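# Residue-level structural notes
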Amino acid sequence: MQIKSAEDFKSKFKRNQKTRELVAHSSKVHSVAWNANGKKLASGSYDKTAGIYSLGSDRLNKEQILKGHTDSVDQLCWHPTNPDLLATASGDKSIRIWDTKSYKSITSIPTKGENINICWSPDGKTIAVGNKDDLVTFVDSRTYKVKAEKQFKYEVNELTWNKESNLFFFTNG
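Let us look at the structure shown here. (Residues numbered from 1 in each chain as written. Predicted model: local features only at pLDDT ≥ 70, side-chain atom pairs only at ≥ 80, totals over all residues. Heavy atoms only, no water.)

With that settled, consider the overall build of the protein. The helix and strand tally for the protein stands at one helix and 14 strands. Relative to the globule expectation of 16 Å for 173 residues, the C-alpha radius of gyration of the protein, 16 Å, shows essentially globular dimensions. Along the longest, intermediate and shortest principal axes, the C-alpha atoms of the protein span 50 × 35 × 35 Å. Residues counted as buried form 48% of the 173 residues belonging to the protein. (Helix = DSSP H or I, 4+ residues; strand = E, 2+ residues; numbered from the N terminus. Rg over C-alpha atoms; globule rule 2.2 N^0.38 Å. Buried < 20%, exposed > 50% of the residue type's maximum accessible area, 1.4 Å probe, protein only.)

As structure tokens, this is what we get:
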């Protein structure tokens, strides 16, 4: 059986009742996410790297480890329609945009704090990143410039957009 999507992959493991461990980082993993077409998985780690894996016929194959952050990669997210663009949020007070075809960082965008969450808008035009000081920064993903910042008086835990990209939601604690 040729596996063509994440659903095929899950179905195969469910039928065979198997799980597999893939050791690719030297420290704990904080985040994982599938890309837009379901053929690549990314992982972000306390070891300051992001891993890229491709979906094979019966397993994930390690493609590349992305290096560039100087602190943990706490969360990552893929562009909603471009399956080769990945954004990473790090404790080093930066976010990076990666081209996973060339395995190169396209840009590093400085932020004002240790980043803990990140979310790409469904229209692909904006990236929201939250830090440990409860500041949410909105970045234009075409110019890589900060569009706006919003400071909150309470903990911001998760970020997300609605499908039309005109409403922004977050959880607080």
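Counting buried residues along strand β5 (residues 73-78), six of its six residues qualify, which places the element largely inside the surrounding structure. By the bridge criterion, five bridges tie β5 to strand β6 (residues 85-90) in an arrangement that is antiparallel. Its bridge partner lying in β6, Q75 is registered against A89. In this structure, the hairpin formed by β5 and β6 is closed by a connection of six residues. (Pairing = 2+ DSSP bridges.)

Let us look at the environment of N117. Mapping N117 onto the fold places it in strand β9 (residues 115-120). By relative accessible area, N117 is classed as buried at 1%. As a C-alpha pair, N117 and T160 span 43 residues in sequence and 10.0 Å in three-dimensional space. Filtering out sequence-adjacent residues up to four positions away, N117 remains in contact with Q75, A89, A128, V129, G130, V156, N157, E158 and L159. Of note is the side chain of N117, whose polar atom sits 2.8 Å from the backbone oxygen of N157. (Contact = heavy atoms within 4.5 Å. Polar contact = N/O pair within 3.5 Å; in protein donor to acceptor, adjacent residues only side chain to side chain.)

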